[in-house]
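Given next are the chains, with one letter for each unit.
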Amino acid sequence: FLHPGTPLQYLARLILFLSGPAVYAVQRFADISHFVIALATAASLYAFVSTLLKNIPIGISVLAVASLLAWPPFLQYQNYFGPDAFVIAFGLPTIALFWICLQDGNTLSKRKLFFCGTGVGLCVAAKMVFLPVAVALFVASSIHILRTIRMNAQYQAISISHYLTKSVKYVLLLPMGAVI
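1. A word on the side chain of Ser-44
Thinking step 1. Residue placement: Ser-44 occurs in helix α2 (residues 26-52).
Thinking step 2. Given a relative accessible area of 3%, Ser-44 falls into the buried group.
Thinking step 3. A polar contact of 2.9 Å, which involves the side chain of Ser-44, links it to the backbone oxygen of Thr-41.
Thinking step 4. When near neighbours in sequence (up to four residues on either side) are disregarded, Ser-44 contacts Ile-88, Ala-89, Leu-92 and Pro-93.

Written out as structure tokens, the structure reads:
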């Protein structure tokens, strides 16, 4: 590992605790780590498909998942325990969460933003190569938030102008003595 103190270091420590620290337990460590990598990747693919691709035709869904699985680094790095093996496992749910937040329209909550930030932090802590994706997610969510604020300001301005025009109209229709 090139990044001490990352979540993967803690996961490796847990696997080492389960497999045993003896020299003869190296194969057991490899077996458990392969299982953990496969489980994490399968869970992230399932979460991605079940949340984002559920309303998309099956052919497009299969193509999307196949393009992830055929990605050469994915195939190459699934063989050993390291940060590269968890790029899909950590990155795909984070991207899916941002996707859901951006699809929700005007209902972007602090809770969702917290989980999005936690996901990006986990991805960047695991592998710095995720940083350009994190920047893109930040820019996309910032544009979404600014657009939402601007739309809310437009709605408020329309509401205020509607209120003022209706109020002025009714005030002008009232007899002069009723206004004072």
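2. Section: the packing of aromatic side chains
Thinking step 1. Following the criterion strictly, the structure yields five aromatic pairs and no others.
Thinking step 2. The interplanar angle of 25° and the centroid separation of 5.3 Å between the aromatic rings of Phe-86 and Phe-90 together place this pair among those described as stacked. Accessibility assignment for this pair places Phe-86 and Phe-90 in one class, buried.

3. Considering the environment of Leu-8
Thinking step 1. Inspection of the secondary structure puts Leu-8 in helix α1 (residues 7-19).
Thinking step 2. Judged by its relative accessible area of 1%, Leu-8 falls in the buried class.
Thinking step 3. For Leu-8 and Ala-125, which are 117 residues apart along the polypeptide, the C-alpha to C-alpha distance reads 8.7 Å.

4. Side note on the nonpolar core
Thinking step 1. Counting 20 residues, the largest nonpolar core has Phe-81, Phe-86, Phe-90, Val-120 and Phe-130 as the members making the most contacts within it.
Thinking step 2. Of all elements in the fold, only α1, α2, α5 (87-103), α6 (110-126) and α7 (131-173) reach the threshold of two or more residues within this core.
Thinking step 3. Among residues more than four places away in sequence, those in contact with Val-120 are Thr-94, Phe-98, Ala-134 and Leu-137.
Thinking step 4. Formed by nine residues, the second largest nonpolar core is a distinct cluster that contains Leu-45, Phe-48, Leu-53 and Ala-96.

5. Here we look at a nonpolar patch on the surface
Thinking step 1. Together, Met-128, Leu-131, Val-135, Phe-138, Val-139 and Ile-143 line one region of the surface with nonpolar side chains, adding up to about 570 Å² of accessible area.
Thinking step 2. Considering the arrangement of structural elements, one finds Leu-131 in helix α7.

6. Concerning the packing of α2 against α5
Thinking step 1. Remark: α2 packs on α5, axes separated minimally by 8 Å, with the N-to-C direction vectors making an angle of 20°. One element, α2, and the other, α5, form an angle in the roughly parallel class. Like other packed secondary-structure pairs, α2 and α5 cross with a definite hand, here left-handed. Side by side, α2 and α5 meet where Ala-40, Thr-41, Ser-44, Leu-45, Phe-48, Thr-51 and Leu-52 of the first sit next to Ile-88, Ala-89, Leu-92, Pro-93, Ala-96, Trp-99, Ile-100 and Gln-103 of the second.
Thinking step 2. Residue classes in the contact of α2 with α5 are distributed as 11 nonpolar, four polar and no charged.

Thresholds, definitions, all that
Residues numbered from 1 in each chain as written. Predicted model: local features only at pLDDT ≥ 70, side-chain atom pairs only at ≥ 80, totals over all residues. Heavy atoms only, no water. Helix = DSSP H or I, 4+ residues; strand = E, 2+ residues; numbered from the N terminus. Buried < 20%, exposed > 50% of the residue type's maximum accessible area, 1.4 Å probe, protein only. Polar contact = N/O pair within 3.5 Å; in protein donor to acceptor, adjacent residues only side chain to side chain. Contact = heavy atoms within 4.5 Å. Phe/Tyr/Trp six-rings, centres within 6.5 Å; stacked < 30°, edge-to-face > 60°. Core = buried A, V, L, I, M, F, W, Y, C linked by side-chain atoms within 4.5 Å. Patch = residues over 30% accessible without salt bridge, like charges linked within 9 Å, V, L, I, M, F, W, Y side chains within 5 Å. Areas by Shrake-Rupley, 256 points an atom, 1.4 Å probe, with all protein chains shown as cover. Salt bridge = Lys/Arg side-chain N within 4 Å of Asp/Glu carboxyl O. Axes fitted to C-alpha atoms, helices over the stretch in contact; angles between N-to-C directions. Parallel < 35°, antiparallel > 145°, perpendicular 65-115°, else oblique. Left-handed = near helix turned anticlockwise from the far one by under 90°. Nonpolar A, V, L, I, M, F, W, Y, C, P; charged D, E, K, R; others polar.

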